[in-house]
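Structural characterization, general
These are the residues of each chain, in order.
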Amino acid sequence: MSKDQYLSGKVAIVTGSSKLSGIGAATAIALAEHGANVALHYSSNAAAAQEVVNKIKSFGVQATAIQADASSVDFGTALVSGTLKAFNTKKIDILVNNAGTAVIHDGAAEVPVDVWDNIFRVNVRGPFLLIQAALPYMSSGGRIVNISSIIAKLGSYMLPVYGASKGAMASMSSALAEELGPKGITINVVSPGPIKTDLSMQGSPVAARLERNQHIKREGTTEEVAATILFLSSPASGYITAQNIYVDGGINNP
Ligand SMILES: NC(=O)c1ccc[n+]([C@@H]2O[C@H](COP(=O)([O-])OP(=O)(O)OC[C@H]3O[C@@H](n4cnc5c(N)ncnc54)[C@H](OP(=O)(O)O)[C@@H]3O)[C@@H](O)[C@H]2O)c1
């Protein structure tokens, strides 16, 4: 039986949605199941992204896959113009900044400056540029969801740059909420704990520390994160903005 089509006719962009195993693809699928047309974004995994496109088209909505490097200065404009062209539209309703990169280091002394810069470009500047490029096409009812991480709150000596970048993304979201609220556009953050994807750190000292703080002692699923993003993208969340929702089995509240 088909699901309630409350996103019918909406245009969504989900970055980092190239892999069926990832949070982005699970989100794109959840939005599409409720009627949204979805522009998937990938960086290197073209074939995998095409698999997600095919799955989404089977729901009877439109889907396209657009390549863009989140560290480049034209990331936002490339993705927005590609989306508008693919769907022959002049509007964007939902933007999910999910693409992200993480590098583990053995302490601060091990962090090269070019790695610092690249992580901040992909995890902070890219999402900002995409929001900047999309806003002229968004109107009242628009939804922006930025994917941060429990590491932004808890910290980890092995992820100083990643944690700092995800914290910056959350602060940026609060700042933009003040500007976008009067326009009827909400912006929220979803902060996952350990989720079973290619970025899973299961077995590492990072995961062991998180697990000690966890009330629900398991990795989360991509569908559990996607369900929260779907809610924050839906008409049901119209009075919720500037929030940071942890999908982490309780780690954030040890
Ligand atoms: N898994 C976890 O435990 C966890 C926990 C907290 C937060 N998160 C966050 O959740 C988000 C999704 O991660 P995931 O776990 O689902 O892992 P994933 O499947 O590996 O997804 C990462 C995505 O980011 C894209 N990406 C990486 N570098 C990029 C770049 N330079 N330009 C553009 N796109 C780039 C990848 O694209 P290609 O594959 O095409 O290269 C991929 O689609 C990330 O922001 C991550 O930080 C994950």
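The paragraphs below set out a description of the structure included in this document. In this text the structure is predicted, and so the values were computed from the model without any measurement.

Secondary structure summary: the protein chain contains eight helices and seven strands in total. Relative to a compact globule of 254 residues, whose C-alpha radius of gyration would be 18 Å, the protein chain shows 17 Å and is just as compact. For the C-alpha atoms alone, the extent of the protein chain along its principal axes is close to 50 × 40 × 40 Å. Of the contacts formed within the protein chain by residues at least 6 apart in sequence, a portion of 79% connects residues at least 24 apart. Summed over all atoms, the accessible surface of the protein chain reaches about 11,200 Å², with 53% contributed by carbon and sulfur. Where the 19 positive side-chain charges of the protein chain centre and where its 18 negative ones centre are 5 Å apart.

Here helix 4 (residues 113-134) crosses helix 6 (residues 160-180) at 20°, and the two axes come no closer than 9 Å. Classified by the interaxial angle, the pair formed by helix 4 and helix 6 is roughly parallel. Here helix 4 runs over helix 6; the crossing is right-handed. Listed contacts from helix 6 to Trp 116, Ile 119, Phe 120, Asn 123, Val 124, Pro 127, Phe 128 and Ile 131 of helix 4 are Val 161, Tyr 162, Ala 164, Ser 165, Lys 166, Ala 168, Met 169, Met 172 and Leu 176. Here the contact of helix 4 with helix 6 is built from residues that sort into 14 nonpolar, two polar and one charged.

Next up on the list: the pattern of salt bridges. If you walk through the whole model with that rule in mind, you get five salt bridges. A salt bridge links Lys 19 to Asp 198; the shortest N-O distance between them is 3.1 Å. Residue Lys 19 is found in the loop between strand 1 (11-14) and helix 1 (23-33), and its partner Asp 198 is found in the loop between strand 6 (186-192) and helix 7 (205-212); the two are separated by 179 residues along the sequence. Since its relative accessible area comes to 54%, Asp 198 is described here as exposed. Lys 91 serves as the salt-bridge partner of Asp 93, at 2.9 Å between the closest nitrogen and oxygen.

Rules used throughout
- Residues numbered from 1 in each chain as written.
- Predicted model: local features only at pLDDT ≥ 70, side-chain atom pairs only at ≥ 80, totals over all residues.
- Heavy atoms only, no water.
- Helix = DSSP H or I, 4+ residues; strand = E, 2+ residues; numbered from the N terminus.
- Rg over C-alpha atoms; globule rule 2.2 N^0.38 Å.
- Contact = heavy atoms within 4.5 Å.
- Areas by Shrake-Rupley, 256 points an atom, 1.4 Å probe, with all protein chains shown as cover.
- Lys, Arg positive; Asp, Glu negative; His and termini not counted.
- Charge placed at Lys NZ, Arg CZ, Asp CG, Glu CD.
- Axes fitted to C-alpha atoms, helices over the stretch in contact; angles between N-to-C directions.
- Parallel < 35°, antiparallel > 145°, perpendicular 65-115°, else oblique.
- Left-handed = near helix turned anticlockwise from the far one by under 90°.
- Nonpolar A, V, L, I, M, F, W, Y, C, P; charged D, E, K, R; others polar.
- Salt bridge = Lys/Arg side-chain N within 4 Å of Asp/Glu carboxyl O.
- Buried < 20%, exposed > 50% of the residue type's maximum accessible area, 1.4 Å probe, protein only.

Taken by themselves, the reported measurements are silent on function.
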